Amino acid sequence: MTLHKSACFFDCPDACGMLVETGEQGEFVKLRGQPEHPWSTGTLCSKTSLYGEVVTAENRLTRPLIRDGQGALQPASWDDALELIGRKLRALPGERILGLGYGGNMGVLSRKFPERILNAMGALLTDGTICDATAEAGYRTVLGRAVGFDMQQTSECDVIVLWGCDVLNTVSHLLPRLKAAHKNGARLIAVDIVQSETLAWVERKGGMALRIHPGTDAALALALCDMAFQDRTADMGFLKNDCVGGAEFRAHVAGRISIAQAAETTGLTEQSIQELGDCLHAARKPMFKLGIGWSRRRFGGMGVRAVCSYAAVIGAAGGVIWESGDHFALDLKEADGSDLRPEGVSGEVVHHVQLGREMEAGRFGATLVWNHNPAVTVPDSAAVRRGLAREGNFVVVHELFMTETARLADVVLPATSYLEQYDLLRSYGQRVLNFVAPALKPRGQCRSNFDTFAAIGKVAGLPESVWFGTDKDFCLSLLRTNRERFTEDEWLRLQAHDPVELHPQDHTGWGTPSGKVELFSQAAKDAGLPAMATYLPDDGGGLSGAYWLLSGPSKATHNTTFLHSARHLARLGKPTLTMNPEDAEEAGMETGQRVRVHNGLSSLTLTLDVQEFVPGGAVHISGFLDETQVPEGRNVNHLVCGDLNDMGDGSTLFSTRVFVSPGI
């Protein structure tokens, strides 16, 4: 038996440390948690712990496939696949080639090295705005760099607010720290729109579990701001010395949303809002853990701005944690090749959320896909699928399994799992960096993102300096480029593939244009947005429908990779739409009934489940659906439009409106 240090590269803020056990022949035996990991400390979530079943799955892709003249994908050699890819790419100008990667593997090389090759070609890339771009834009507008509160200090906080963050399902390793804080006397507060497991847990601990109406976060936060000014608990010293626009913001919120108005808007009682404010305004060291998903709506960026502004008003701006990516402060130009674009070639990016529209319009002659299943995960999935299948768009997909996107490809290339490659992993929820070595040999003819795109760069005719080397050497080169970021001890431990919690940076200013917290943002004003956080009712983006569509994370699966694992599919169960009991009774529907959820974009036929956790006026779908069990062969993103929201060009996912009718 041999143990290999590794880490989980799934798109999750925890980025857990793992130990991979292999047998005498180097075969996979099992996964376990890595006790030495500073954040996950030896435990794995129920999803990651079963990743070995994905790695060893019999249905993994293990050799290239090329579509033949009759439209079928046939086994081929790497040489033949690369020759075809090179010939197609060399015939196109860069602006007709699209690089389409995302977060299926969060490794620095896995994500960024393909961009290096595509940048050198002069190809176009997306802005990667599906998940967190809106939250990022809202946060940065007020608080600047996304370093955030160090959650290792959670137990020192006396009030902890979990705003739109279902910790038990999405940041599970924060839970022990919350328990320690609660044991030390901390008051726990959770704000969400559904009765999540986290809200229920907070309630059991005697904390405040607040369910608000969808899209009303800004109304609650701004009412609390006015309350802080009125009861003289605002931190006037911080506002004067560390903020831009403190006086203007005070005038902006004065009387705008009273506690009574906030109660009517959010659905909370006036008493609970008053209690929330009293608790936070008396706090010595409050912490705000913001989720990411709740910003994916029409005015989601404004909601995040409002909550960040409230934290600043009470002097707790340093206690807000959204993401921690800027803590690492790594120079990654060598990886993404942003300096390799040919002179005079546009650096325009394609709005990821509007990918379907761009592809259907015939803009691209070739699309290269990695770490991504856009046929399922991108809004307006029907348009994305039509664009991928459009004649004249040569599609190459690098994948572990025959996904919905791979089925539409002209060439499918088999990918390594993250246990079979070198890479660097930065968490975006905590502060640990990993330099990971492969624990297993690649399955069959599988190649890593690095090796695959290096080979594509070669056949595309790029200079050897762009694509030459190995993934190990490239990781080491990136570490050397950033040597000043590491202490001597951190450097040595990284070389030994130990997880390293990097020492804090010495920050100057907040990373905003002014170098201070910006309650008044001139940059936002110049962009045509309100200069200060403002509540704007969600208009549904123009879609009609009786219900809000809420799509939450699944407890069984993490991303669409797990839809190719039999055990995960069994845990996921049959595709279900969940509705509030009062809504179901009014509509004359009951649990177990087949129903059709639909809007002007598409429809899905699912099984109804009636549950209290869903708010009235909304319906809920958990995770990505097993499309083989949906009569229409579709997924939830078929119902989501490709409109951009207020900040960061993000998705309006949670502003989707739908009807629900009896199924056939």
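What comes next concerns the included structure. All of these numbers come straight from a predicted model, not from anything done at the bench.

Turning our eyes to something else, we now look at the overall build of the chain. A tally of regular secondary structure across the chain gives 24 helices and 27 strands. The C-alpha radius of gyration computed for the chain amounts to 25 Å, which stays within 12% of the reference 26 Å derived for 664 residues, consistent with globular compactness. Here the chain holds 664 residues, and the buried ones make up 60% of them. Across the chain, the fraction of contacts at a sequence separation of at least 24, relative to all contacts at a separation of at least 6, is 75%. Within the structure as shown, the chain displays about 24800 Å² of accessible surface, and the carbon and sulfur contribution to it stands at 49%.

Strand order around the closed barrel formed by 6 strands is E22-E26-E23-E25-E24-E27, with mixed pairing between neighbours. For this sheet the average axis-to-axis angle between neighbouring strands, irrespective of direction, equals 45 degrees. As paired elements, strand E22 (residues 547–552) and strand E27 (residues 657–662) share 2 bridges and run antiparallel to each other. Across the sheet, the residue bridging to Trp-548 is Arg-657, located in E27.

Turning our eyes to something else, we now look at a negative patch on the surface. Together, Glu-582, Glu-585, Glu-586 and Glu-612 make up a region of like negative charge exposed at the surface. Looking at where Glu-582 falls in the secondary structure, it is placed in helix H24 (residues 581–587).

Right, let's talk about the sheet that holds strand E13 (residues 320–321) for a bit. Overall, parallel pairing links the 5 strands, which are arranged E10-E9-E8-E12-E13 in an open sheet. The strands lining the two open edges of the sheet, one partner per strand, are strand E10 (208–211) and E13. As paired strands, strand E8 (residues 159–163) and strand E12 (residues 286–290) are joined by 5 bridges and run parallel to one another. Note that in E12 the partner of Ile-160 across the bridge is Met-287.

Another aspect to go through is the side chain of Arg-60. Note on placement: Arg-60 falls in the loop between helix H1 (51–55) and strand E4 (65–67). Apart from the residues lying within four places of it in its own chain, the contact partners of Arg-60 are Val-54, Val-55, Leu-400, Phe-401, Ala-415, Thr-416, Ser-417, Glu-420, Arg-443 and Cys-446.

Scanning the model with the defined rule gives 18 salt bridges in all. Among the ionic pairs, Lys-285 bridges to Glu-156, the shortest N-O distance being 2.9 Å. Here the residue Lys-285 occupies a position in the loop between helix H12 (270–281) and E12, and Glu-156 occupies one in the loop between helix H4 (133–143) and E8, the gap between them amounting to 129 residues. Of the charged contacts, one joins Glu-275 and Arg-187 as a salt bridge, the two residues approaching to 3.0 Å between their closest N and O atoms. One end of the pair, Glu-275, is in helix H12; the other, Arg-187, is in strand E9 (residues 187–192), with 88 residues separating them in the sequence. Overall, the relative accessible area of 26% leaves Arg-187 in the partly exposed class. Connected via shared salt-bridge partners are Glu-136, Arg-140 and Asp-326.

Looking now at the state of the cysteines. One pass over the structure, following the stated rule, counts 0 disulfides. With no disulfide of its own, Cys-45 lies 5.8 Å from the sulfur of Cys-16, the closest cysteine sulfur. On the basis of relative accessible area, Cys-45 is assigned to the partly exposed category, the value being 23%. Free of any disulfide, Cys-308 has its nearest neighbouring cysteine sulfur in Cys-225, separated by 11 Å.

Time to look at the packing of H4 against helix H13 (residues 300–313). Pairs of packed helices are described in terms of their axes, by the angle between the two and the distance that separates them. It is the contact of H4 with H13, at a shortest axis distance of 8 Å, that shows an interaxial angle of 35 degrees. Handedness of the H4/H13 crossing: right-handed. Taking contact as the criterion, the partners of Thr-134, Ala-135, Gly-138, Tyr-139, Thr-141, Val-142 and Leu-143 in H4 are, on H13, Gly-300, Gly-301, Val-304, Arg-305, Cys-308 and Ser-309.

Attention now moves to empty space enclosed by the protein. Under the defined criterion, the tally for this structure stands at 6 cavities of 30 Å³ or more. Taken together, 14 residues make up the lining of the largest cavity; nearest its centre are Gly-215, Phe-299, Gly-300, Gly-303 and Leu-536. Here the lining of the largest cavity gets 3 residues from one element, more than from any other, and that element is H13.

The geometry of an aromatic ring pair comes down to the distance between the two centres and the angle between the two planes. Under the defined criterion, the tally for this structure stands at 13 aromatic pairs. Plain terms: the ring middles of Phe-288 and Tyr-310 are 6.1 Å apart, the flat faces sit at 85 degrees to each other, and that makes the pair edge-to-face. Separated by 22 residues along the polypeptide, Phe-288 in strand E12 and Tyr-310 in helix H13 bring together distant segments of the chain. When its relative accessible area of 0% is taken as the criterion, Phe-288 is described as buried. Given a relative accessible area of 0%, Tyr-310 falls into the buried group. Through successive ring pairs, a cluster of aromatic residues spans Phe-9, Phe-10, Tyr-51 and Tyr-418. The lysine or arginine in question, Arg-177, covers the ring of Trp-39, its NZ or CZ lying 3.8 Å from the ring centre. Positioned over the ring face of Trp-548 is Arg-657, at 4.3 Å from the centre of the ring.

This part is about helix H18 (residues 449–459). Counting buried positions along H18 gives 8 out of 11 residues, so the element sits mostly inside the fold. Along H18, the positions that sit buried rather than exposed are Asn-449, Phe-450, Thr-452, Phe-453, Ala-454, Ala-455, Ile-456 and Gly-457. At the C-terminal side of H18, Gly-461 shows a positive phi close to 90 degrees.

Before going further, it helps to examine the pairing of strand E23 (residues 576–579). Here E23 pairs with strand E25 (residues 603–610) via 4 bridges, running parallel. For Thr-578, the partnering residue across the bridge sits in E25 and is Asp-609. Direction of pairing for E23 relative to strand E26 (residues 618–622): antiparallel, over a ladder of 2 bridges. From the neighbouring strand, Met-579 faces E26, where its bridge partner is Val-619.

Reading the values: the criteria
- Residues take numbers from 1 onward in each chain, read along the sequence in its written order.
- It should be noted that, the model being predicted, local features are given only for residues of pLDDT at least 70 and side-chain atom pairs only at 80 or more, the latter also being counted only at that level, while totals for whole chains, interfaces and linings use all residues.
- Note that water and hydrogens are dropped before the side-chain values are worked out from all heavy atoms of the structure.
- What counts as a helix is a DSSP run of H or I of at least four residues, what counts as a strand is a run of E of at least two, and both are numbered from the N terminus.
- We compute the radius of gyration from the C-alpha atoms alone; for a globule the expected value is 2.2 Å times N to the 0.38, where N is the number of residues.
- Residue exposure (1.4 Å probe, protein chains only): buried if accessible area is under 20% of the type maximum, exposed if over 50%, otherwise partly exposed.
- Contacts are assigned to residue pairs that have any heavy atoms within 4.5 Å of one another.
- Computed with a 1.4 Å probe, the accessible areas rest on the Shrake-Rupley method; for each residue, only the protein chains presented here act as cover.
- One requirement defines pairing of two strands: DSSP has to find at least two bridges between them.
- The axes used here are C-alpha line fits, helices contributing only the stretch in contact, and every angle between their N-to-C directions lies in the interval 0 to 180 degrees.
- Patch members must show over 30% relative accessible area and no salt bridge, and they are joined within 9 Å when carrying like charges or within 5 Å when they are nonpolar side chains of Val, Leu, Ile, Met, Phe, Trp or Tyr.
- We define a salt bridge as a contact between a side-chain nitrogen of Lys or Arg and a carboxyl oxygen of Asp or Glu at a distance within 4 Å.
- When charges are counted, Lys and Arg contribute as positive and Asp and Glu as negative, whereas His and the chain ends are disregarded.
- A single reference atom marks each charge: NZ on Lys, CZ on Arg, CG on Asp, CD on Glu.
- Note on terminology: pairs of cysteine sulfur atoms within 2.5 Å are recorded as disulfides.
- By definition, any crossing whose near helix is turned counterclockwise from its far helix by less than a right angle is left-handed, and any crossing with a clockwise turn is right-handed.
- Definitions used throughout: a 1 Å grid over protein atoms alone; a cavity as a set of points that fits a 1.4 Å probe which cannot get out; a pocket as an open set with protein on both sides within 12 Å along at least five of seven lines; a lining residue as one with an atom within 4 Å of a point.
- Grid points are joined across faces, edges and corners, and a volume is the space filled by probe spheres set on the points.
- The pairing test for Phe, Tyr and Trp rings, Trp by its six-membered ring, is centres within 6.5 Å, and the orientation test on the planes gives stacked under 30 degrees, edge-to-face over 60, and tilted for anything in between.
- Either the NZ atom of lysine or the CZ atom of arginine qualifies as a charge over a ring when it sits within 6 Å of the ring centre and within 35 degrees of the ring normal.

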